[in-house]
Amino acid sequence: MFSKRFEKKAFKAAVKDNVKTLYRKTIDEATPQQLFQAVSYAVKDVIIDDWIETQKRYDETDAKTVYYMSMEFLMGRALGNNLINMTAYKDVKEALEEMNIDLNVIEDQEPDAALGNGGLGRLAACFLDSLATLNYPAYGCGIRYRYGMFKQKIKDGYQVEVPDNWLKEGNPFEIRREEYAKEVRFGGNIRFEKDPVTGKDKFIQENYESVMAVPYDMPIVGYGNHVVNTLRVWDAKPITDFKLDEFDRGNYHKAVEQENLAKLIVDVLYPNDNHYSGKELRLKQQYFFISASLQALIEKYKKKHGDIRKLYEKVVIQMNDTHPTVAVPELMRLLIDVEGLSWEDAWEVTSKTCAYTNHTIMAEALEKWPIDLFSKLLPRIYQIVQEIDRRFLIKVREMYPGNEEKVRKMAILMNGQVRMANMAIVAGFSVNGVAQLHTEILEKQELKDFYQMMPEKFNNKTNGITQRRFLAHGNPLLADWITDKIGDGWITDLSQIAKLKPLVEDEDARREFMEIKYQNKVRLAKYIKEHNGIDVDPRSIFDIQVKRLHEYKRQLLNILHIMYLYNQIKEHPEMSFYPRTFIFGAKAAAGYLRAKETIKLINSVADVVNNDRSINGKLKVVFIEDYRVSNAEILFAAADVSEQISTASKEASGTGNMKFMLNGAPTLGTMDGANVEIVHEVGEENAFIFGLSSQEVINYENNGGYNPTDVYFNDWEIKRVVDQLMDGTYSNGDHNMYINLYNSLLNTQCTDKADTYFILKDFRSYADAQKRVEEAYRDQQRWSKMAMMNTACSGKFTSDRTIEEYVRDIWHLEKVEVPSGQDLFE
Ligand code: F58
């Protein structure tokens, strides 16, 4: 289908033409970046036809649409993924080869669209891919940050953050839609009036500041089905003079202020993962994109429908965590103040339209805005929140008479704060966690009171990942091999990957599978040589932990264990030891001291270990600079071991764990998040599980923690590595370099606050599990079975399955077929 449309001659001519019109150059003269732009415009040209056709079909069928509201969309690169989904990757590669252009080199010219921090943002991107592939009408709504997630440089072992100017060369896939711009207002005061005609209350915002939100649309290409959905991200521009109030015309000061606001508001993504920071600008960002998105969706709805009270029949809003929760009062405002609905009618619409996904139980990630900040910035919204809260508490008191404890726990407004999660739960018709264990913890502990009061809202949607990016694109060797064995049905129906199971007993198949893994390790080794200057042996075990740096994810446990292994090798050079390459990739939030110290420690251990000739290269440690979606694809493909070692109960789901599994890497992990379900699918014998259970962790926590000095004084090998943080071994004699890490494990002055993530407690059990990994790997027959079984059992973890569950239980969408557009190049 697309292969027909990608008629080679015409495609080549288009690229040549683009180079000419864009740059006044010939193909031979063009730089790789210019070639990337020219190729992308040629591809976009084809996408646009389907994009137009898709939107026309949605319009004709008047299909219900999901609006996925998210502060983050961690998209990565678009070109390669678009080609994969257009089923044109190989044709284009071949066409370009004939022009002496290497598609891989061209792809490498594209900056990652890093409009997200980690799991939550990448999940949103996977969901968009699945929605389009499954023929569901959907919009992603977010912010077009000028600067995405910072680029990480490692200088002298330390992380240095460099601004990510991703739009510098222009983004060929986006389209600015000036005509859909919307005004968003902040601050000022609310004047109350009775409408003399209708007698209704009117709320008029005065003395406010405002900005124009201008949308950019990016195409989301479905796999082989001609569907092209839209990711709509909002840019800001100052309101032009003539749009200012009469009162403000000629107010120079105000004009400058509004210009600054417009510049600031979409300037940069907050680089925090699992941590809430109550910055005013952050709340401005939230309201900015939510208000603009809601205005746009209401406008669109009204073009076809007369009765706004039926909005929920055509629109469902999914709030990706609490960050978009201001959608609740904003929708109420638009329905009441602009559309003229009564409170009751507006509430009925809002609470049938909005649904909420929770992604964390970490207390420090819970969003709570100081009331004075919130009410000053969003005065009318605050009034509405007060009324939502007032009415809700009446219900609580009705249900639990005399139980003021319930009121304190469930109120939206309490102790001078607006509790966003409470608002999302009260208003949403659905509340979901992102893995079975996580949802259970929400129901039984964190959100227990809400669950008891409204159990029907709660449900689980275990996360998933798209196999199009993380296998078809990221691991082409394995993808082709799988297609060769079982056909290409797995690309859109990952349950078919189970057809590989019988092949696990086939020795030839296993050898081929391991040969592919080896080739992928060679590819990664080459990347490491180029970027780190380190030689690693692709025959060693590639043990990889890539994810954001956070104490609960316990990169510290991993590196302490490496220090422990190094001690052992030094002490017993004769000991048999299977060569290992430990690979890390992780960004730390800019102000997160312990996380940054951990990066320094990893790099220092790497320095010592990699340069110690006496250990004959048995141990290598590599820190991959600037871990991001594009290099992640290479890392997953090359992994032997998947490190998923969070403190049980802390990782809501994890999604990296699924990407490793899909690519044939057994999990070395705790029974946390989706690891539990991975183990259930693949069998405990095909994973390496260790550590406290979530219940054990929770029990300790409820009883004041545990005492790490017990472990420290009773296990001399553990004591030795902890002491090495302070004795200068990894700091050129500096005794203070890792003091924060040391204190976090073992603050002898205040033991109750020490080792809150149970690193020392789980250390032995982790070391034992690592020993089991080594034994298993030595037996290559056994290992190849384990690795293949992981791929073969990964069917559940596609985001296609997750999306089908959201559709079935929450969104209730219908599939829309899209005929192929015009043939362009013929
Ligand atoms: C992550 N959360 C969870 N938050 O930690 C992870 O277990 C889960 O798999 C993933 O969501 C998808 O459900 C996460 O990434 C953030 O990055 C927030 C960004 C904005 C500030 C607060 C944290």
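This is a predicted model, so every value here is computed, not measured.

A few points about the overall build of the chain
- Secondary structure assignment for the chain yields 33 helices and 25 strands.
- The C-alpha atoms of the chain give 27 Å as radius of gyration, which agrees with the globular expectation for 826 residues (28 Å, within 12%).
- Projected onto the principal axes, the alpha-carbon positions of the chain cover approximately 95 × 75 × 55 Å.
- By residue count, 50% of the 826 residues in the chain fall in the buried class.
- Long-range pairs, those at least 24 residues apart, make up 77% of the contacts in the chain between residues at least 6 apart in sequence.

Topic: the site of the ligand
- Close to the ligand lie 21 residues; G119, L120, H359, A652 and S653 are nearest.
- Classifying every residue of the shell around the ligand gives 6 nonpolar, 13 polar and 2 charged.

Remarks on unusual backbone geometry
- Phi angles above zero are rare outside glycine, and N100 is one such case at about 65 degrees.
- The residue N100 is located in the loop between α5 (89–98) and α6 (103–107) in this model.
- Assessed through the 8 C-beta atoms surrounding it within 10 Å, N100 is described here as exposed.
- Positive phi values are uncommon outside glycine, yet D755 reaches one of about 45 degrees.
- Within the secondary structure, D755 sits in the loop between α30 (739–746) and α31 (759–778).

Focus on the sheet that holds strand β23 (residues 641–644)
- Ordered by their spatial adjacency, 6 strands build an open sheet running β22-β21-β20-β23-β24-β25, and the pairing between neighbours is parallel. Of all strands in the sheet, those bounded by a partner on one side alone are β22 (619–624) and β25 (688–689).
- Across 6 bridges, strand β21 (residues 580–585) lies against β22 in parallel orientation. Along β22, the bridge assignment pairs F582 with V621.
- Across the face of the sheet, helix α22 (residues 555–571) comes into contact with β20 (541–546), β21, β22 and β23 while running at roughly 155 degrees to β22.

Regarding the sheet that holds strand β15 (residues 368–370)
- Spatial strand order, β15-β17-β16: 3 strands in an open sheet with antiparallel pairing. Both outer strands of the open sheet, β15 and β16 (413–414), are each paired with one neighbouring strand and no more.
- Bridge count between β16 and strand β17 (residues 417–419): 2 bridges; the pairing is antiparallel. Looking at β17, one finds that M414 is bridged to Q417.
- Most of the contacts of helix α16 (residues 420–427) go to β17, to which it runs at about 45 degrees, and overall it touches β15 and β17.

Thoughts on the environment of M399
- Turning to its location among the elements, M399 is positioned in helix α14 (residues 379–399).
- Here the alpha-carbon distance between M399 and M453, two residues 54 residues apart in the chain, equals 8.3 Å.

Focus on the UniProt feature "modified residue: N6-(pyridoxal phosphate)lysine" (unreviewed entry) in the chain
- Per the UniProt annotation, the sites labelled "modified residue: N6-(pyridoxal phosphate)lysine" (unreviewed entry) are K659.
- Looking at the secondary structure, you find K659 in helix α25 (residues 656–662).
- Not counting residues up to four positions away in its chain, the partners in contact with K659 are I465, F470 and F636.

Details of helix α26 (residues 675–682)
- Among the residues making up α26, those that are buried are N675, V676, I678 and V682. The buried residues of α26 occupy an angular sector of 165 degrees when the element is viewed end-on, so they sit on one face.
- Buried residues belonging to α26 abut α17 (436–446), β23, α25, β24 (667–669) and α32 (780–792).
- Positioned one or two residues after α26, G683 has a phi angle of 90 degrees, which is positive.

Section: the domain arrangement of the chain
- We note that the domain assignment places domain 1 (1–61 + 87–109), domain 2 (65–77 + 112–146 + 159–366 + 426–463) and domain 3 (467–797) within the chain.
- Of note, the centres of domain 1 and domain 3, computed from C-alpha atoms alone, are 39 Å apart.

Brief notes about the confidence of the model for the chain
- Taken as a whole, the chain shows an average pLDDT of 96; of its residues, 97% reach a score of 70 or greater.
- The ipTM value of the predicted complex is 0.98, and its pTM value is 0.97.

Quick word on the packing of helix α11 (residues 327–338) against α14
- Interaxial distance between α11 and α14 falls to 9 Å at its minimum, and their mutual angle equals 105 degrees. In this view, α11 runs roughly perpendicular relative to α14, as classed from their interaxial angle. Across the interface between the two elements, P329, E330, M332 and R333 from α11 touch R380, I381, I384, V385 and I388 from α14.
- Taken together, the residues of the contact of α11 with α14 break down into 6 nonpolar, no polar and 3 charged.

What counts and how
The numbering scheme is per chain: residues are counted from 1 as the chain's sequence reads. Selection of residues for local features in this predicted model requires a pLDDT of at least 70, selection of side-chain atom pairs for listing and counting requires 80 or more, and totals for whole chains, interfaces and linings are taken over all residues. A run of H or I in DSSP counts as a helix once it spans at least four residues, and a run of E counts as a strand once it spans at least two, with each numbered from the N terminus. Each radius of gyration is computed over the set of C-alpha atoms, and the globule rule expresses the reference value as 2.2 Å times the number of residues to the power 0.38. Neighbour counting defines burial: a residue surrounded by 20 or more other C-beta atoms within 10 Å of its own C-beta is buried, one with 12 or fewer is exposed, and intermediate counts give partly exposed, using backbone-placed C-beta atoms. For the purpose of contact definition, each residue receives a C-beta atom placed from its backbone, and two residues are in contact when these atoms lie within 7 Å. Near, as applied to residues and a molecule or strand, means the residue's backbone-placed C-beta atom lies within 6 Å of it. Residues are grouped as follows: Ala, Val, Leu, Ile, Met, Phe, Trp, Tyr, Cys and Pro are nonpolar; Asp, Glu, Lys and Arg are charged; all remaining types, including Gly, are polar. Pairing between strands requires that DSSP locate at least two bridges from one strand to the other. Here the axes come from fitting lines to C-alpha atoms, over the contacting stretch only for helices, and the angles between their N-to-C directions go from 0 to 180 degrees. UniProt positions are given in the numbering used here, feature names are shortened, and annotations may be inferred rather than shown by experiment. Working definition: the arc comes from the directions between the helix axis and the C-beta atoms, pointing outward to the latter. As used throughout, domain bounds are those supplied by an automatic or database domain assignment. pLDDT is a per-residue confidence score from the predictor, ranging from 0 to 100. The cut-offs work like this: below 35 degrees is roughly parallel, past 145 is roughly antiparallel, 65 to 115 is roughly perpendicular, and the gaps in between are oblique.

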